[in-house]
Every structure is written in C-alpha cells, then in structure tokens.
Amino acid sequence: MKKILVACGAGVVTSTSAMNKLQEELANRGISAAEYTLGQSSVAQVESLANDYDLVITTTQYDNEAINTPVINGLPLLTNIGVENIIDEVVNKLGL
C-alpha cells in the first residue's frame with residue numbers, strides 16, 4: 001500500500017480540499033482507496049514526516065533538500081487547472 005502525505009500551510013483546510021480532489025481523481029481512474037493511504041500535515045511538519053511516506057503533495061511552494069521522498073506541487077488540486085498532469089505524476093511516481 002502506498003502512503004501519500006498531503007501538506008498545506010496550516011495542515012487543515014487546504015490539505016483537506018486537496019485530499020478530497022486527489023481521492024476523486026484517483027477513483028475516476030479506477031484506483032481504489034485500498035491501494036493507498038493519505039496523511040495530512042502542515043508544510044512545517046513535512047521534513048519530520050516525509051520518511052514515513054512514499055510521496056508528498058504540497059499545496060504551497062516547498063523546497064527541502066533534506067528529504068528523500070518525492071514532492072509534488074499539488075496546487076492544481078485546488079485550482080482545477082492542470083489536475084490531469086498532477087494525477088499522472090502521482091500515478092507514475094507510485095506505480096498505481
């Protein structure tokens with residue numbers, strides 16, 4: 001099972017919206033919720049949590065060389081502009 005961490009500025013509202021859109025788009029591609037789990041945090045917590053996840057999606061700019069986990073900018077999950085590209089990237093990076 002793949003683990004995805006979704007992070008936003010405060011770790012609540014924006015990341016919840018992004019998670020909902022991510023789940024909806026993955027389901028549209030036939031990817032079951034049984035194939036992955038989602039975690040939620042603030043961007044400030046990413047460095048301490050990233051090693052426990054296979055992928056990090058942030059809704060704000062995030063540059064941290066200290067983590068080895070791939071990071072995707074998930075802003076399109078909020079704007080609905082470029083969502084297909086983000087979902088392609090998630091599917092490819094996780095092999096879903």
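Described in the following lines is the structure provided in the data block. (Residues numbered from 1 in each chain as written. Predicted model: local features only at pLDDT ≥ 70, side-chain atom pairs only at ≥ 80, totals over all residues. Heavy atoms only, no water.)

Points about the sheet that holds strand E2 (residues 36-42)
Here we have four strands laid out as an open sheet, ordered E2-E1-E3-E4, and parallel in their pairing. The open sheet has two free edges, formed respectively by E2 and strand E4 (71-73), since each of these has just one partner strand. Sheet twist, expressed as the average angle between the axes of neighbouring strands with direction ignored, equals 25°. Inspection of the sheet shows strand E1 (residues 2-8) paired to strand E3 (residues 55-58) by four bridges, in the parallel sense. Looking at E3, one finds that Val 6 is bridged to Ile 57. Running over the sheet, helix H4 (residues 83-94) touches E1, E3 and E4 and is turned about 170° from E4. (Pairing = 2+ DSSP bridges. Helix = DSSP H or I, 4+ residues; strand = E, 2+ residues; numbered from the N terminus. Axes fitted to C-alpha atoms, helices over the stretch in contact; angles between N-to-C directions. Contact = heavy atoms within 4.5 Å.)

Considerations on the environment of Ser 17
The topology assignment puts Ser 17 in helix H1 (residues 13-28). Overall, the relative accessible area of 38% leaves Ser 17 in the partly exposed class. Sequence-wise, Ser 17 and Leu 77 are 60 residues apart; in three dimensions their C-alpha atoms are separated by 7.9 Å. (Buried < 20%, exposed > 50% of the residue type's maximum accessible area, 1.4 Å probe, protein only.)

Observations concerning H4
Since there are 3.6 residues in each turn of an α-helix, residues three or four apart along the chain are aligned in direction. Its twelve residues give H4 an end-to-end C-alpha distance of 17 Å, which sits within 8% of 16 Å, the value for a rise of 1.5 Å per residue. Among all positions of H4, only Val 83, Ile 86, Ile 87, Val 90, Val 91 and Leu 94 are buried. Buried residues along H4 cover an arc of 130° about the axis, so they all sit on one side. Away from the buried face of H4 by more than 90 degrees, exposed residues Asn 85 and Asn 92 are located. The inward-facing, buried residues of H4 contact E1, H1, E3, E4 and helix H3 (76-79). Positioned one or two residues after H4, Gly 95 has a phi angle of 65°, which is positive. (Expected span 1.5 Å × (residues − 1). Arc of directions from axis to C-beta.)

Overview of the packing of aromatic side chains
Across all of its chains, the model carries zero aromatic pairs by this definition. Seen from the ring of Tyr 53, Lys 3 lies directly overhead, with NZ or CZ sitting 5.0 Å from the centre. (Phe/Tyr/Trp six-rings, centres within 6.5 Å; stacked < 30°, edge-to-face > 60°. Lys NZ or Arg CZ within 6 Å of the ring centre and 35° of its normal.)

Some points on the environment of Gln 40
Structurally, Gln 40 can be placed in strand E2. Distance in space between the C-alpha atoms of Gln 40 and Cys 8 is 8.3 Å, their sequence separation being 32 residues. If we skip the residues at most four places from it in the chain, Gln 40 touches Leu 5, Val 6, Gly 11, Val 12, Ser 15, Thr 16 and Met 19. Among the polar contacts listed, one links the side chain of Gln 40 to the backbone oxygen of Val 12, at a separation of 3.0 Å. A polar atom in the side chain of Gln 40 sits 2.9 Å from the side chain of Ser 15. (Polar contact = N/O pair within 3.5 Å; in protein donor to acceptor, adjacent residues only side chain to side chain.)

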